[in-house]
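# Close look at the chain arrangement
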Amino acid sequence: MRVVTTAQPLDVQPSPLALLLLGREADPKSERGVECPGDLPAASDPGLVERARAAKEKLGEKVFVLGHHYQRDEVIDFADVTGDSFKLARDAAARPDAEYIVFCGVHFMAESADILTGDDQQVILPDLAAGCSMADMANAEQVAECWDVLTEAGVAEQVVPVSYMNSSADIKAFTGKHGGTICTSSNAKRALDWAFEHGEKVLFLPDQHLGRNTAVRDLGMSLEDCVVYNPHKPGGGLTAEQLRNAKMILWRGHCSVHGRFSLESVEDVRARIPGVNVLVHPECKNEVVAVADYVGSTEYIIKALEAAPAGSKWAIGTELNLVRRLANRFAAEDKEIVFLDKTVCFCSTMNRIDLPHLVWTLESLVAGKVVNRIEVDKETESFAKLALERMLALP
């Protein structure tokens with residue numbers, strides 16, 4: 001190993017790009033993983049726009065570009081379809097003639113697309129660093145250990161796992177192998193109804209907030225019916241009695257962006273904008289969801305604003321790129337749409353997919369080179385697909 005030493009400290013100033021990627025500051029009041037670097041990146045280089053357009057035209061029907069709602073505008077401009085993670089995976093599966101599926105989202109989304117598309121199709125993620133902090137909060141080893149804890153407590157046979165779409169292929173495979181199903185923020189209630197028809201308890205992972213909000217708000221449970229399993233503590237930090245008494249065993253995970261919204265955010269926006277409607281995603285904390293006027297998935301948020309009357313005012317608790325896009329879209333209808341929190345905060349991992357990475361991906365395909373292909377091994381794919389198919393069969 002080569003070690004370099006220096007007698008004087010290096011005077012190195014972080015570049016604007018480094019500050020963007022790392023975050024200029026962290027909010028100690030928010031949950032782990034939130035980075036709020038301030039304003040969004042500047043508009044794209046016009047030269048890159050032309051290169052992306054030219055490469056996409058050359059590829060024609062061979063390429064199908066998917067853009068998640070939380071992506072930057074410069075990327076969304078080149079998406080053939082936009083949507084949430086599951087809608088996009090289904091859109092990919094519905095295009096069997098597309099040789100290349102370029103998924104502008106994050107890693108677990110590209111995995112889901114690979115699971116649902118044909119073997120002859122290649123799924124590509126423009127930047128492999130585009131992960132998801134929530135999905136990373138539950139890995140296969142931790143979940144296997146959790147199942148051992150449930151077994152030792154004598155409750156595993158009563159438990160049906162329900163995993164959020166925002167999870168890795170390994171976690172989806174675990175879910176399928178243990179008789180569970182996948183859910184989205186749109187169908188979480190249906191998934192839990194199904195699970196409780198097949199068992200007495202649910203292990204919900206990796207997002208504790210969606211699980212808690214659905215159980216309490218939609219199924220009429222109490223907060224006392226829910227316990228949180230912490231994978232970083234022995235036995236999940238729970239006693240066997242707590243596990244036996246619980247109906248919902250929630251994994252200690254969360255969305256880094258939605259987790260930052262607080263009661264103070266809601267109180268502040270109501271004071272600043274009289275008559276404002278507060279609309280939040282169910283990945284927000286329970287105390288935020290409890291005081292919001294409307295709660296729903298990304299698609300629900302979009303449809304609610306489409307149906308909103310002219311002149312109405314809205315504070316939205318979801319990712320900044322989408323909120324800004326909706327504000328611009330409905331400005332002509334005199335709909336005032338603001339971000340729920342005063343601090344500008346977007347999904348830093350989603351924003352790793354930028355126009356330079358998209359251009360590199362498309363131009364590589366034009367040159368006959370496939371970069372950053374996402375492939376799920378066959379055994380994992382088989383069990384994960386089983387869990388996804390159970391979701392598709394939900395009434």
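Here the structure is shown first, and the text comes after it.
### Section: the packing of aromatic side chains
Taken as a whole and judged by the stated rule, the model has 4 aromatic pairs. Ring plane angle 25° and centroid distance 5.3 Å describe the contact between tyrosine 229 and tryptophan 251, whose orientation is recorded as stacked. You can see tyrosine 229 sitting in strand 8 (residues 226-229) and its partner tryptophan 251 sitting in strand 9 (residues 248-251), a full 22 residues away along the chain. Note on accessibility: tyrosine 229 and tryptophan 251 belong to one class, buried. Taking the ring centre of phenylalanine 64 as reference, the NZ or CZ of arginine 95 above it sits at 4.2 Å.

### What about unusual backbone geometry?
At the junction of leucine 205 and proline 206, the peptide bond is cis and its omega measures out at 0° in the coordinates. A positive phi angle is found at aspartate 334, which is not glycine, with a value near 60°. Along the chain, the position of aspartate 334 falls in the loop between helix 15 (320-330) and strand 13 (336-339). Of note in the backbone geometry, asparagine 372 takes a positive phi value of approximately 50° without being a glycine. Note on placement: asparagine 372 falls in the loop between helix 16 (355-366) and strand 14 (373-374). Of the residues examined, asparagine 372 reaches a relative accessible area of 19% and is grouped as buried.

### Points about the sheet that holds strand 13
Within a beta sheet, neighbouring strands are joined by backbone hydrogen bonds and run either parallel or antiparallel to one another. Pairing is parallel across the open sheet formed by 4 strands, whose spatial order is 11-10-12-13. Of all strands in the sheet, those bounded by a partner on one side alone are strand 11 (294-295) and strand 13. In this sheet, strand 11 lies alongside strand 10 (residues 277-280) in parallel orientation, the contact comprising 2 bridges. Residue pairing for strand 11: valine 280 is matched across the bridge by valine 295. Those strands touched by helix 15 are strand 12 (313-317) and strand 13, and its axis lies near 165° from that of strand 13.

Each value, and the rule that gives it
Residues numbered from 1 in each chain as written. Predicted model: local features only at pLDDT ≥ 70, side-chain atom pairs only at ≥ 80, totals over all residues. Heavy atoms only, no water. Phe/Tyr/Trp six-rings, centres within 6.5 Å; stacked < 30°, edge-to-face > 60°. Helix = DSSP H or I, 4+ residues; strand = E, 2+ residues; numbered from the N terminus. Buried < 20%, exposed > 50% of the residue type's maximum accessible area, 1.4 Å probe, protein only. Lys NZ or Arg CZ within 6 Å of the ring centre and 35° of its normal. Pairing = 2+ DSSP bridges. Contact = heavy atoms within 4.5 Å. Axes fitted to C-alpha atoms, helices over the stretch in contact; angles between N-to-C directions.

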